[in-house]
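# Geometric and topological summary
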Amino acid sequence: RDESSETQRVAFGQFGIDDHCIAPLSSFEDIPWQSGPYFDKIFTNTDWHTLPRLRTDMRSNDLEKLGEVLGENFAKVLKKKKKFVIR
């Protein structure tokens, strides 16, 4: 059952909803909730978010993109423990 396609009931007159109607313009699937920098990586394992840790192979162009995201050489990044978001 796909609840996202169901009609949702809204009680008008509460919380000023008769004056201001707020509705999302998208499903928010492609909107990051964390501040960047962002590294885009496609994972073929669909349950990746349940894994205790991530491990992936990277081609040289992926590694170059990661370097661009981090903006420094890897030794400095590792020493600083710089964070980035994989999306």
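The structure contained in this document is the topic of the report that follows. (Residues numbered from 1 in each chain as written. Predicted model: local features only at pLDDT ≥ 70, side-chain atom pairs only at ≥ 80, totals over all residues. Heavy atoms only, no water.)

Of the residues making up helix 1 (residues 60-70), those classed as buried are Asp62, Leu66 and Leu70. All buried residues of helix 1 project into a common sector of 75° when viewed along the axis, lining one side. Of the residues in helix 1, the exposed ones pointing more than 90 degrees away from the buried face are Ser60, Glu64 and Glu68. Next to the buried residues of helix 1 lie strand 1 (38-39) and helix 2 (74-80). (Buried < 20%, exposed > 50% of the residue type's maximum accessible area, 1.4 Å probe, protein only. Helix = DSSP H or I, 4+ residues; strand = E, 2+ residues; numbered from the N terminus. Arc of directions from axis to C-beta. Contact = heavy atoms within 4.5 Å.)

Together, Trp48, Leu51, Leu54, Phe84 and Ile86 give the surface a local cluster of nonpolar side chains, amounting to about 410 Å² of exposed area. Among the secondary structure elements, leucine 51 is positioned in the loop between strand 1 and helix 1. Overall, leucine 51 belongs to the partly exposed group, its relative accessible area being 36%. (Patch = residues over 30% accessible without salt bridge, like charges linked within 9 Å, V, L, I, M, F, W, Y side chains within 5 Å. Areas by Shrake-Rupley, 256 points an atom, 1.4 Å probe, with all protein chains shown as cover. Salt bridge = Lys/Arg side-chain N within 4 Å of Asp/Glu carboxyl O.)

Backbone phi values are negative for most residues with the exception of glycine, while trans is the configuration of most peptide bonds. Note the cis peptide between glycine 36 and proline 37, where omega equals 10°. Secondary-structure assignment places proline 37 in the segment before strand 1. Positioned with a positive phi, lysine 81 is a non-glycine residue whose angle comes to about 55°. Judged by relative accessible area, lysine 81 falls into the exposed class, the value being 69%.

Spatial relationships are all this shows, so hold off on functional conclusions.
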